[in-house]
Amino acid sequence: MYIFDSVKKEKLLFTPIDGNNVTLYVCGPTVYDDAHLGHAKSSLVFDLLYRVLEANGYSVTYAKNITDIDDKIIKKATELNITIDELTSKYLSAYNKDMDSLGVKRPTLEPKATESIEAMIDMIQKLIDSNHAYITSTDDVYFDTSSDNKYLSISNRHQDESDTMSRVESSSEKKNSTDFALWKGVSDDSVAYETPFGKGRPGWHLECSAMIEKHLKSENSEYTIDIHGGGADLLFPHHENEAAQSRCATKKELAKYWVHNGFVNIDGEKMSKSLGNSFFIKDALKSYSGEVLRFYLLSTNYRANFNFNEEDLIASKKRLDKLYRLKKRLYGMKIVDEKTTFKAELLEALNDDLNVSKAYALIDEMISTTNEVLDANPKDKLIKRQSLSNMEYVRELLGFGEYDAYEYFQFGISEDKKSEIESLIAQRSEAKKEKNFELSDSLRDQISELGVSIMDTANGTLWENS
RNA sequence: GGCGCUAUCGCCAAGUGGUAAGGCCGGAGCCUGCAAAGCUUCUAUCCCCAGUUCAAAUCUGGGUGGCGCCUCCA
């Protein structure tokens, strides 16, 4: 397969460091608030990458970290007058719930920062011992960026510009303006860990490097892991700094390939915590099923910015609907594994740097072909078997088609409303039987007003949420 | 100011040297009591200018527009 390396800025043939084993590390959430559509996009992109790697036969160890100790967390817990653990547990389970709704497979490892303190301390100690880090009078430990001659090679920047343009509040004890905190000294009685270099808390960038070293490192290679991923905004400074501290502590480059996903904008505007226009996943899930959201958010190139808006989402849903209508058409049949060209083409499309657009086009064509054949010959067993098997492959590889075909079209409809609809449909069927079309049409109008469209088939009248 | 991304049909969006995928919307038709669904069919020469080439949406140069990172952020 091919993936686009955002450091080398070209599409590269993917070859794992260690034979058939692949290590993938993605920067996960800081659990102090609900997850927004940006988290969804990133999780979905790397979930897809994970699935495609596995479909290629690789044995993948996929780690996504959970940041559960951090200044923002402490601030919020203090405001709410709850413990840090109460806060992070709450938002971690909310996060997992959202991810489950989106059909995101759980990573192999989900290490928490608070469970990796020792690994962080070890790494800091190494950096101090090798003069890549220094301690200030307030027990902060800074990474000395001038000690790394490859610093800024990940984000392709120049030192002078970072110096002059950096808007980071500069500590007077920093040797270079780009130096960053590995450890923040704590003098009061807030949350802190005891270390050989004083009481304090981990800095922003450290946990990823430490966790990678602890959980994923490969032994005999110039690289530590295969793929490191995250949102495009993390390229600098986060990944630059991770790469620097790892390089200096381990004498290896952190990752062989770097993959970054584009942003999600809302109606043309950047979404961010500071702008306060975050669109939470849980809110989107009130109106649309997780799979519709998944299908929509994955529908374009993962590197491009994604402009979220409801009209596009609805158009996207109509596309997914077609898959479910076919699933309905083949309802109740047993899935048998069939070798088809569709499957090979689908994997080939995704192997080309996750070309989802092409994959969607292939799915659409597969659906059309099946419908066409079934229209001509409704009893064609071969096309049914192949089509079912194809859909099963789509489900495994892309996560589309997980729901029951009938339940999918009944999303968000209450039980009361369902029985009301069923009752109206029964009345309409009676009227139709008596050829009272005036009555049956008016009943259909009533049903439409409930936001439901109906379709008469050989198997009776079916209905869908419209 | 530095670095970078991007401009394809009304909308979303592939394609990165060989003569424009797919979806949504819309028109026509088949099917249907009528519909819906499904099927058939119709709709772009790729922001502008110049250049390279037998050949460019695809490469080069110059414009113009949109966006991002450089600050916590996916």
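Residues numbered from 1 in each chain as written. Chains lettered and ligands numbered in written order. Predicted model: local features only at pLDDT ≥ 70, side-chain atom pairs only at ≥ 80, totals over all residues. Heavy atoms only, no water.

A few words on the packing of helix α10 (residues 310-329) against helix α12 (residues 356-376). Close contact between α10 and α12 brings their axes to 10 Å; oriented N to C, the two are set at 35°. Here the hand of the crossing between α10 and α12 comes out left-handed. Across from R319, K322, L323, L326 and R329 in α10, the residues of α12 making contact are Y360, A361, I363, D364, M366, I367, T370, N371, L374 and D375. Of the residues assigned to the contact of α10 with α12, the class counts are 8 nonpolar, 2 polar and 5 charged. (Axes fitted to C-alpha atoms, helices over the stretch in contact; angles between N-to-C directions. Helix = DSSP H or I, 4+ residues; strand = E, 2+ residues; numbered from the N terminus. Left-handed = near helix turned anticlockwise from the far one by under 90°. Contact = heavy atoms within 4.5 Å. Nonpolar A, V, L, I, M, F, W, Y, C, P; charged D, E, K, R; others polar.)

The next subject is the environment of I367. Here I367 is to be found in helix α12. Each C-alpha atom, one on I367 and one on K322, is 7.5 Å from the other, the two residues being 45 residues apart in sequence. When near neighbours in sequence (up to four residues on either side) are disregarded, I367 contacts K322, L323 and L326.

On domain assignment, one finds that chain A holds domain 1 (2-261), domain 2 (269-407) and domain 3 (413-465). Distance between the C-alpha centres of domain 2 and domain 3: 28 Å. (Domains from an automatic or database assignment.)

The next subject is the sheet that holds strand β11 (residues 264-266). The strand order across the open sheet formed by 3 strands is β12-β11-β13, and the pairing between neighbours is mixed. Pairing within the sheet leaves two strands with one partner each, and these edge strands are β12 (269-270) and β13 (306-308). Strand direction decides the pairing type here: β11 and β13, joined by 3 bridges, are parallel. Of the residues in β13, the one forming a bridge with V264 is F306. (Pairing = 2+ DSSP bridges.)

Extensive coverage of strand β10 (residues 253-261) is indicated by the burial of 9 of its 9 residues. Here strand β9 (residues 223-231) pairs with β10 via 7 bridges, running parallel. Following the sheet pairing, H228 is matched in β10 by W258. (Buried < 20%, exposed > 50% of the residue type's maximum accessible area, 1.4 Å probe, protein only.)

Attention shifts here to the sheet that holds β9. Here we have 4 strands laid out as an open sheet, ordered β4-β3-β9-β10, and parallel in their pairing. In the strand order of this sheet, the two ends are held by β4 (59-64) and β10, each with one partner. Sheet twist, expressed as the average angle between the axes of neighbouring strands with direction ignored, equals 25°. Strand contacts of helix α7 (residues 235-250): β9 and β10, with the helix running at about 165° to β10, the strand carrying the most contacts.

Turning our eyes to something else, we now look at the protein's contact with RNA strand B. As a matter of local geometry, RNA strand B sits amid 55 residues, with H39, W204, G231, K270 and R444 nearest to it. Per the 4 Å cut-off to the protein, sugar and phosphate atoms form 60% of the nearby atoms of RNA strand B. Contact distances for RNA strand B include 2.3 Å between a phosphate oxygen and a side-chain N or O atom of H39. At 3.3 Å from a sugar or linking oxygen of RNA strand B is found a side-chain nitrogen or oxygen belonging to N305. (Near = heavy atom within 4 Å. Polar contact = N/O pair within 3.5 Å; in protein donor to acceptor, adjacent residues only side chain to side chain.)

Now for the pattern of salt bridges. Close approach of charged atoms allows side chains of opposite charge to pair. Counted under the stated rule, the structure contains 33 salt bridges. Of the charged contacts, one joins E54 and K105 as a salt bridge, the two residues approaching to 3.6 Å between their closest N and O atoms. Taken together, the residues span a long stretch of sequence, with E54 in helix α1 (residues 37-55) and K105 in the loop between α3 (84-101) and α4 (117-129) at a distance of 51 residues. Take K105: its relative accessible area is 34%, and that puts it in the partly exposed class. A salt bridge links D283 to K286, with the shortest nitrogen-to-oxygen separation between them at 3.0 Å. Separated by 3 residues within a single helix, D283 and K286 lie in helix α8 (residues 281-287), roughly one turn from each other. The network of salt bridges with common partners includes D148, K150, R247 and E253. (Salt bridge = Lys/Arg side-chain N within 4 Å of Asp/Glu carboxyl O.)

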